[in-house]
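Structural overview
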Amino acid sequence: EVWRTASSDDAYGLYAGTGPQQPTALANAAGAWLESGSRAYFWQNRYFVVVGSIGAGMDDAALLQFAERVSRALPAGGKVPALVARLPAEPAPLAAPKFFRSEMAIQNDLWLGGKDVLGLTPSSSAVLARYKFDGAAVKTILVDKAEDVKRLGRITTIAPDGDIKPGKDVTECTITDKASEN
């Protein structure tokens, strides 16, 4: 399967949503991982690609060889979205951060009540990351159009210089359903 998305960011979002398990290298790909004997996933430029076998398992070398051929046929390039790069690097996220443009994309990871709590617009994006702080798992959502979200009155954040540093700049993040204050 070859998915041509609207942007490199969107291709990364689909890739990260599959959850890299065994990272691997492909010549032109910005990121790739292998599901041994079954599939190879990669993204480059504005493409997200899944190469897999139907039925019986496939030799990993043959799977990667075919994925390389597909990769060479597509335009090279692709950068991790800037919003993902703004996430705290320490401690390292527990899994690949999920880049998304619609809350529906994270419903399996973080249920927000089935409502448009974040107030994302077609031009906004967000990223969900999981960390471990003081032995507890913490889910963090970073939204790039904070002015839109604040205008809606749905998220309150305190980050004076706009930079994200756990324990320093971000002192509070509250998600509420304004109608019921839950």
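For every chain, the first residue of the written sequence is number 1, and numbering continues from 1 along that sequence. Only residues with pLDDT of at least 70 are given local features in this predicted model, and only at 80 or more are side-chain atom pairs given and counted; all residues enter the totals for whole chains, interfaces and linings. Hydrogen atoms and water are omitted, and side-chain values are computed over all heavy atoms in the structure.

1. What to know about the environment of Leu 128
The following threshold applies: Note on conventions: DSSP H or I runs of at least 4 residues are helices, E runs of at least 2 residues are strands, and numbering of each starts at the N terminus. Here's how the labels work: a residue is buried when its accessible area is under 20% of the maximum for its type, exposed when over 50%, partly exposed in between, all with a 1.4 Å probe on protein chains only. Contacts were defined at the residue level, with two residues in contact if any of their heavy atoms lie within 4.5 Å.
Looking at the secondary structure, you find Leu 128 in strand β6 (residues 126-133). Classification of Leu 128 as buried rests on a relative accessible area of 5%. The spacing of Leu 128 and Leu 110 is 18 residues in sequence and 8.7 Å in space, taken between C-alpha atoms. If we skip the residues at most four places from it in the chain, Leu 128 touches Pro 97, Lys 98, Phe 100, Ile 106, Asp 109, Leu 110, Lys 139, Thr 140 and Ile 141.

2. Quick word on helix α1 (residues 8-17)
Considered for burial, the residues of α1 that qualify are Asp 10, Ala 11, Tyr 12, Gly 13, Tyr 15 and Ala 16. Considering only its buried residues, α1 is in contact with β2 (31-35), β3 (39-44), β4 (47-52), α3 (82-85) and β5 (98-100).

3. Focus on the confidence of the model for the chain
As a reminder of what qualifies: Across the chain, each position has a pLDDT score giving the predictor's confidence in that residue, from 0 to 100.
Scored by pLDDT, the chain has a mean of 76; 76% of the residues are at 70 or more. Looking across the chain, the model is least confident in strand β8 (residues 155-157), with a mean pLDDT of 40, and most confident in strand β1 (residues 2-4), with 95. Confidence over residues 151-182 falls short of pLDDT 50; this stretch has 49 contacts with residues more than four positions distant or in other chains.

4. With respect to the packing of aromatic side chains
So the rule is basically this: Here is the rule: rings of Phe, Tyr and Trp (six-membered ring for Trp) pair when centre to centre is within 6.5 Å. Planes less than 30 degrees apart are stacked, more than 60 are edge-to-face, and the remainder are tilted.
Going through the model one piece at a time under the given rule, you end up with 3 aromatic pairs. Both rings, one in Tyr 12 and one in Trp 43, keep their centres 5.4 Å apart while their planes meet at 75°; by these two values the pair is edge-to-face. Of this pair, Tyr 12 sits in helix α1 while Trp 43 is found in strand β3, placing the two residues 31 residues apart along the sequence. In this structure, Tyr 12 and Trp 43 share a single accessibility class: buried. Taken together, the aromatic side chains of Tyr 12, Tyr 15 and Trp 43 make up a single cluster linked through ring pairs.

5. A look at unusual backbone geometry
Backbone geometry places Asn 45, a non-glycine residue, at a positive phi of 55°. With respect to the element layout, Asn 45 can be found in the loop between β3 and β4. Relative accessible area serves as the criterion here: at 24%, Asn 45 is assigned to the partly exposed category.

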